[in-house]
Amino acid sequence: MADALASLDLVAADLPGPALHDAFGDARRAAGLARTQLHGLPAYLLARFADVKAFLADDQQFPGGMTYVHQVEPVVGRTFISMNGDEHKLHRLLATPAFRSSAVARFVEHALVPLAHELVDRFAARGSADLVAEFTDVAISRKLGLPVESERRQRVLARTLLTYPVDPAGALAAAAEITGVIAPELAARHRRPGDDVLSRLLAADVDGRRLTDDDVVSHVRLLFAVGATTTADAMSNLFWTLLSQPGLVERARREPGIRPGIVHELLRWEPPVAVLPRFTVAGGRVGDVDVPPGSLVLAALAAANRDPEVFDDPDRFLPDREEKEILTFGFGSKYCPGVNLARRQLGAALDVVLDRLPGIRLAGDAAPTGAVLRSVKSLPVVWQPG
């Protein structure tokens, strides 16, 4: 399978269920770096935990912002994710106040949990649903403070933003449409600030430095492109795992204290982002290989999270597993600032589904697919309506 990776373009590869992890396991066991492709470009693949962590931590040789300058910045604008050094530190501080623990706790209690119940209300009496289409693919609109009546359209736009490398015209059109939604809301927050991301971005101040309106719009587009889609993907993986592991639903109901362990183990075992790409601008030592300047290196987070040098019996889903560091949210300066929010969203969704849908079980074949972004595309389920 390691040799098979060389002929695959990971953007187009499905590799459903264990197929991806089998291929990554072979790459992890092979000597040196595995070879593969991404968007038609040749790429190296890092699969061992220690190598992936060291690579993501090395900003001097492998600055993370350079990749996003080409893949994300043209469609979302200039944000901290495509910056490096002091510029990155400043804009990250300005752009992430809404992810502080107190703000996340308020959002989960007052917005996320009511939203989850509102969604379940739409289908609870029916006894069947596609959890992906009707529940997990929930937009980030309410956290951002954007109009909720267009959430379905906003979900489409969020996913379209990520197609820039293969469909630049479509992604740019989606960005323009999102900007049209954001602009009047931004003007309204200038007049009357609220307790949402837009208001917090406008109010953020670091030593007298503040974000411009253009900066705010760019960062909201980034949250659409990254935050909304990856959380929805993780949620689809969570419910597929919950329902496909024998006895797990019953245990989660019987022992609510195990639910945080289910979320953490899900993020290790089937993360929504399987690989993170970076360009080695000047080349450098990657793992045990010298790579030339301009090389594309893929940090395989999903492979690192199943490294047997770090995790015992790594291919088994064990919610009682001793909690250890995982690389699902990256590492180093580009570590995802929305970690706490993502975990709380997953936990809240898990609580609501378990409490509201008795006897829930799978009603068809499903499995996570994708070799870069990984999710369950459709998840038909049935339960005993009350």
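Treat the numbers as computed from the prediction; the structure is a model and nothing was measured. (Residues numbered from 1 in each chain as written. Predicted model: local features only at pLDDT ≥ 70, side-chain atom pairs only at ≥ 80, totals over all residues. Heavy atoms only, no water.)

Participant: Mind laying out the pattern of salt bridges, listing which residues take part and the relevant values?
Facilitator: Across all of its chains, the model carries 21 salt bridges by this definition. A salt bridge links Arg122 to Glu118; its shortest N-O distance comes to 3.1 Å. Here Arg122 falls in the exposed class, since its relative accessible area comes to 55%. Its salt-bridge partner being Arg159, residue Asp233 comes within 3.1 Å of it at the nearest N-O pair. (Salt bridge = Lys/Arg side-chain N within 4 Å of Asp/Glu carboxyl O. Buried < 20%, exposed > 50% of the residue type's maximum accessible area, 1.4 Å probe, protein only.)

Participant: Can you break down the sheet that holds strand β1 (residues 34–38) residue by residue, with the values?
Facilitator: If you walk across this open sheet you meet the 4 strands as β1-β2-β7-β4, and the pairing is mixed. Every interior strand has two partners, whereas the edge strands, β1 and β4 (275–280), have only one. Ignoring strand direction, the axes of neighbouring strands in this sheet form an average angle of 40°. Bridge count between β4 and strand β7 (residues 295–300): 6 bridges; the pairing is antiparallel. Bridge pairing links Phe279 to Leu296 in β7. Running over the sheet, helix α3 (residues 49–57) touches β2 (41–46), β4 and β7 and is turned about 125° from β7. (Pairing = 2+ DSSP bridges. Helix = DSSP H or I, 4+ residues; strand = E, 2+ residues; numbered from the N terminus. Axes fitted to C-alpha atoms, helices over the stretch in contact; angles between N-to-C directions. Contact = heavy atoms within 4.5 Å.)

Participant: Mind laying out the packing of aromatic side chains, listing which residues take part and the relevant values?
Facilitator: Under the criterion given, the structure shown has 6 aromatic pairs. Judged by centre distance (6.0 Å) and plane angle (75°), the rings of Phe49 and Phe311 are edge-to-face. Within this pair, whereas Phe49 is found in helix α3, its partner Phe311 is found in the loop between α16 (301–304) and α17 (339–356), the two being separated by 262 residues in sequence. Relative accessible area serves as the criterion here: at 3%, Phe311 is assigned to the buried category. Each ring, one from Phe55 and one from Phe62, has its centre 4.7 Å from the other, and the planes form 35°; the classification is tilted. A single burial state applies to Phe55 and to Phe62, both of which are buried. (Phe/Tyr/Trp six-rings, centres within 6.5 Å; stacked < 30°, edge-to-face > 60°.)

Participant: Break down the pairing of β7 for me, with residues and values.
Facilitator: Most of β7 is tucked away, with 6 of its 6 residues classed as buried. Covered by surrounding structure in β7 are Ser295, Val297 and Ala299 together with Leu296, Leu298 and Ala300, the residues of both alternating faces.

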